[in-house]
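Architecture at a glance
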Amino acid sequence: EVQLVESGGGLVQAGGSLRLSCTVSGFPWDDYAIGWFRQAPGKEREGVACISSSDGSTNYADSVKGRFTISSGDAKNTVFLQMNNLKPEDTAVYFCSVEDRCYSAVYYWRSWGQGTQVTVSS
């Protein structure tokens, strides 16, 4: 059973920064991808960033390019999301997930943690 734990959310003013952490366990792949997603109230869950363990490649939603950075941690199966220059529209519950590759469609990601709330005030 896949287990995902997100942490690091909080309340921050616009222009501030947060660093989210995701720790994943219980998945079978040697090569895998960890993605960050977010869901604001009344909105669809959307992909934010993804990193592949096979080559370290990353991809980002256009809305966060240049502001967010996804990276792997020293501990195995741990990924961070460094969020800089936060905007009120970044306010959402942030989730991570793991699959065998960085699928572009949220539909293909099926395991989720409890999420961590990020609130950006104006």
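All of the points below concern the structure found in this document. (Residues numbered from 1 in each chain as written. Predicted model: local features only at pLDDT ≥ 70, side-chain atom pairs only at ≥ 80, totals over all residues. Heavy atoms only, no water.)

1. Some thoughts on the state of the cysteines
Using the criterion set out here, one finds two disulfides in the structure. Cys22 shares a disulfide with Cys96; S-S distance 2.0 Å. Taking the sign of the torsion about the S-S bond as the criterion, the disulfide between Cys22 and Cys96, at about 75 degrees, is right-handed. Here the residue Cys22 occupies a position in strand β3 (residues 18-25), and Cys96 occupies one in strand β9 (residues 92-99), the gap between them amounting to 74 residues. Residue Cys96 is classed as buried on the basis of its relative accessible area, which comes to 0%. Residue Cys50 pairs covalently with Cys102 via a disulfide, S to S 2.0 Å. Taking the torsion about the S-S bond as the criterion, the Cys50 to Cys102 disulfide, at about -90 degrees, is left-handed. Residue Cys50 is located in strand β5 (residues 46-52), and its partner Cys102 is located in the loop between β9 and β10 (116-121); the two are separated by 52 residues in the primary sequence. Here Cys50 and Cys102 have matching classes, each one buried. (Disulfide = S-S within 2.5 Å. Helix = DSSP H or I, 4+ residues; strand = E, 2+ residues; numbered from the N terminus. Buried < 20%, exposed > 50% of the residue type's maximum accessible area, 1.4 Å probe, protein only.)

2. Topic: the sheet that holds strand β6 (residues 58-60)
In space, the six strands of this open sheet follow the order β2-β10-β9-β4-β5-β6, with mixed pairing throughout. In the strand order of this sheet, the two ends are held by β2 (10-13) and β6, each with one partner. Shown here is a sheet whose adjacent strand axes are inclined to one another by a mean of 20 degrees, direction ignored. Examined bridge by bridge, strand β4 (residues 33-39) and β9 share seven bridges and lie antiparallel to one another. The partner of Gln39 across the bridge, within β9, is Val93. (Pairing = 2+ DSSP bridges. Axes fitted to C-alpha atoms, helices over the stretch in contact; angles between N-to-C directions.)

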